[in-house]
Amino acid sequence: MAAQALALLREVARLEAPLEELRALHSVLQAVPLNELREQAAELRLGPLFSLLNENHREKTALCVSILERLLQAMEPVHVARNLRVDLQRGLIHPDDSVKILTLSQIGRIVENSDAVTEILNNAELLKQIVYCIGGENLSVAKALIVEISSVSPESLNYCTTSGLVTQLLRELTGEDVLVRCSTCIEMVTSLAYIIMDEQYLAQEGVIDQISNIIAGFYLPGRNMIPQQICERYPIFVEKVFEMTESQDPTMTGVAVDTVGILGSNVEGKQVLQKTGTRFERLLMRIGHQSKNAPVELKIRCLDAISSLLYLPPEQQTDDLLRMTESWFSALSRDPLELFRGISSQPFPELHCAALKVFTAIANQPWAQKLMFNSPGFVEYVVDRSVEHDKASKDAKYELVKALANSKTIAEIFGNPNYLRLRTYLSEGPYYVKPVSTTAVEGAE
């Protein structure tokens, strides 16, 4: 049977339109044991089959892919890497996905073979093409290949990082299919993290930054993948983010803080972060410290993350979740309410608005209302219009007043007189200016 297959393969090479011969070869190969084909591997000439892939004939392409898949299994990966590299390169840019997948599967065999993989590492164009062919079903395959190549040896890891292959792969992970791409992206980076274990490199290359941006895509309308899936499936990713919040580099800290804020922006994510226990409490303490002492830009990012972490919609305010947000607030500082009042008094409108946003995030939670009411001068601060001078600050203050006034528990906790003051502020709008009364003076012109 193997001899018959070889004869048909020669016929295919000789003829210009060998459709019948391809059908016959395909049929025969199904009956030939793989060990017999391996014995004849030196006689297999696959060039004509690869050439037929370029004819844009659907049936020929399907037959050639199936035949090649069988015949390539009979060849050693080293032989494929050395003698078919040009064909592999062309296969990666073929318009038919079945050809790309066939090619990637062969590259996968090469990568898993320690003798053959060096042939891949010595072919920069082929490596780049692996990344460029990413899309749809090929995405996870290409990711796995990059990780596999990186893990072969220190030299191969160095090549993949210094040549920009990892960075290039991440750039490709920015299409419309956010869920598939983010999952693949994080899986690739967390796999690499085991190999690299260098947060400085990950940050310098913008890896965590890009992941954070992709995660943000979950919260666009219509997305339904939740942080819980990310945290539980990729714990090393969460560990890296936690580590980066302790970095001395403000850029790395900022990215990590942004990511924590995104992960904790819904109830499922909050619950996952809560499960990390004292580690997350220490992180909150650090974010609270940074919100007071960091450069202005990082302060604002910390305040935004705090707002995201502490906000609970009224319909999700169970006793357990309210206790959780209260404990998180307490972990930020010895006196967090005064901390944020102090920040809001600094002469930076962006900081003032960010601090008001924190108050707004907790304004509908009873424990926070009690803190506010019992803090000397806080209610007066809320209804005092003379504090805000620019439009953004006036809008931010109005959102705080609205959150308080619309809460079902505010009248009971603040008392009716203060509740009416809030309702008056609300009805007057964010830009109300109290008229200044003038008294006519007799004899004045």
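Model, not experiment: these values are computed from the prediction.

**Quick word on the overall build of the protein**
Counting its regular elements, the protein contains 30 helices and 0 strands. Looking at the 445 residues of the protein, the share that counts as buried comes to 51%. Of all intrachain contacts in the protein linking residues separated by at least 6 positions in sequence, the fraction that spans at least 24 positions is 70%.

**Description of the side chain of Lys270**
Counting through the fold element by element, Lys270 comes out in helix α20 (residues 267–274). In this structure Lys270 is buried but unpaired, with Glu268 as the nearest side chain of opposite charge at 8.6 Å. Setting aside residues no more than four positions away along its own chain, Lys270 makes contact with Leu263, Gly264, Ser265, Ser308, Leu309, Tyr311, Leu312, Met324 and Trp328.

**Section: the nonpolar core**
Of all hydrophobic cores here, the largest spans 64 residues; its most connected members are Phe280, Phe340, Phe359, Leu404 and Leu422. Apart from the residues lying within four places of it in its own chain, the contact partners of Phe359 are Leu337, Phe340, Arg341, Met372, Phe378, Tyr381 and Leu400. By size, the runner-up hydrophobic cluster in this structure holds 44 residues, among which are Val12, Cys64, Val99 and Ile120.

**Quick look at the side chain of Thr325**
Note on placement: Thr325 falls in helix α23 (residues 319–332). A polar contact of 2.7 Å, which involves the side chain of Thr325, links it to the side chain of Gln365.

**Examining the pattern of salt bridges**
Charged atoms that come close allow side chains of opposite charge to pair. Tallying each qualifying case throughout the model produces 15 salt bridges. As a salt-bridge pair, Glu11 and Arg14 come within 2.8 Å of each other at their nearest N and O atoms. With a gap of 3 residues between them, Glu11 and Arg14 both fall in helix α1 (residues 2–14), about one helical turn apart. Residue classification places Glu11 among the partly exposed positions, given a relative accessible area of 28%. Look at Arg14 and you get exposed, because its relative accessible area is 58%. Across the salt bridge formed by Glu297 and Arg301, the nearest N and O atoms sit 3.8 Å from each other. Of this pair, Glu297 and Arg301 both sit in helix α22 (residues 296–310), 4 residues apart, which is roughly one turn of the helix.

**Here we look at the packing of aromatic side chains**
For the coordinates displayed, the defined rule picks out 8 aromatic pairs. Ring pairs connect the aromatic residues Phe329, Phe340, Phe359, Trp367, Phe378 and Tyr381, which therefore count as one cluster. Sitting over the ring of Tyr381, Arg341 keeps its end group 5.3 Å from the ring centre. Here Lys397 stacks its cationic end above the ring of Tyr381, 5.0 Å away from the centre of that ring.

**Details of the packing of helix α7 (residues 85–92) against helix α8 (residues 97–111)**
Two elements in contact, α7 and α8, have axes whose closest approach is 8 Å; the angle formed by their N-to-C orientations is 135°. Compared by their axis directions, α7 and α8 come out oblique. Of the two possible hands of crossing, α7 and α8 adopt the one that is left-handed. Contacts from Leu88, Gly91 and Leu92 in α7 reach Val99, Lys100, Thr103, Leu104, Gln106, Ile107 and Ile110 in α8. Taken together, the residues of the contact of α7 with α8 break down into 6 nonpolar, 3 polar and 1 charged.

**Observations regarding helix α28 (residues 391–405)**
When the terminal C-alpha atoms of α28 are compared, their 21 Å separation across 15 residues agrees well with the 21 Å that a helix rising 1.5 Å per residue should span. Looking at the buried side of α28, the elements it contacts are α25 (349–362), α26 (366–374), α27 (378–383), α29 (410–414) and α30 (416–428). Regarding α28, its N-cap is Asp390, as a side-chain oxygen of that residue lies 3.3 Å from the backbone nitrogen of Ala392 further along.

**Focus: α8**
Given 3.6 residues per turn, any residue in an α-helix points the same way as the ones three and four places further on. Here α8 is 15 residues long and its end C-alpha atoms lie 21 Å apart, about the 21 Å a rise of 1.5 Å per residue gives. Within α8, the full set of buried residues consists of Val99, Lys100, Leu102, Thr103, Leu104, Gln106, Ile107, Gly108, Ile110 and Val111.

**Description of the packing of α28 against α30**
Following both chains from N to C, one finds α28 and α30 inclined at 135°, their axes separated by 9 Å at the closest point. In terms of orientation, α28 and α30 fall into the oblique class. Of the two possible hands of crossing, α28 and α30 adopt the one that is left-handed. Where α28 approaches α30, its residues Lys397, Tyr398, Val401, Lys402, Leu404 and Ala405 are matched on the opposing element by Tyr419, Leu422, Arg423, Tyr425 and Leu426. Looking at the contact of α28 with α30 residue by residue, the class counts come to 8 nonpolar, no polar and 3 charged.

**Points about the environment of Asn113**
Within the secondary structure, Asn113 sits in the loop between α8 and α9 (117–121). Considered as a pair, Asn113 and Glu76 are 37 residues apart in the sequence and their alpha carbons are 9.4 Å apart. Those residues within four positions of Asn113 in sequence are excluded, and the remaining contacts are Pro77 and Val78.

**A short note on the confidence of the model for the protein**
Mean pLDDT over the protein: 80, with 72% of residues reaching 70 or higher. In this model, residues 217–226 is a region of pLDDT below 50 whose contacts with residues beyond four sequence positions or in other chains number 19 contacts. The low-confidence segment residues 440–445, where pLDDT is below 50, has 0 contacts with residues more than four positions distant or belonging to other chains.

What counts, and at which threshold
- Residues numbered from 1 in each chain as written.
- Predicted model: local features only at pLDDT ≥ 70, side-chain atom pairs only at ≥ 80, totals over all residues.
- Heavy atoms only, no water.
- Helix = DSSP H or I, 4+ residues; strand = E, 2+ residues; numbered from the N terminus.
- Buried < 20%, exposed > 50% of the residue type's maximum accessible area, 1.4 Å probe, protein only.
- Contact = heavy atoms within 4.5 Å.
- Lys, Arg positive; Asp, Glu negative; His and termini not counted.
- Salt bridge = Lys/Arg side-chain N within 4 Å of Asp/Glu carboxyl O.
- Core = buried A, V, L, I, M, F, W, Y, C linked by side-chain atoms within 4.5 Å.
- Polar contact = N/O pair within 3.5 Å; in protein donor to acceptor, adjacent residues only side chain to side chain.
- Phe/Tyr/Trp six-rings, centres within 6.5 Å; stacked < 30°, edge-to-face > 60°.
- Lys NZ or Arg CZ within 6 Å of the ring centre and 35° of its normal.
- Axes fitted to C-alpha atoms, helices over the stretch in contact; angles between N-to-C directions.
- Parallel < 35°, antiparallel > 145°, perpendicular 65-115°, else oblique.
- Left-handed = near helix turned anticlockwise from the far one by under 90°.
- Nonpolar A, V, L, I, M, F, W, Y, C, P; charged D, E, K, R; others polar.
- Expected span 1.5 Å × (residues − 1).
- pLDDT = per-residue confidence, 0-100.

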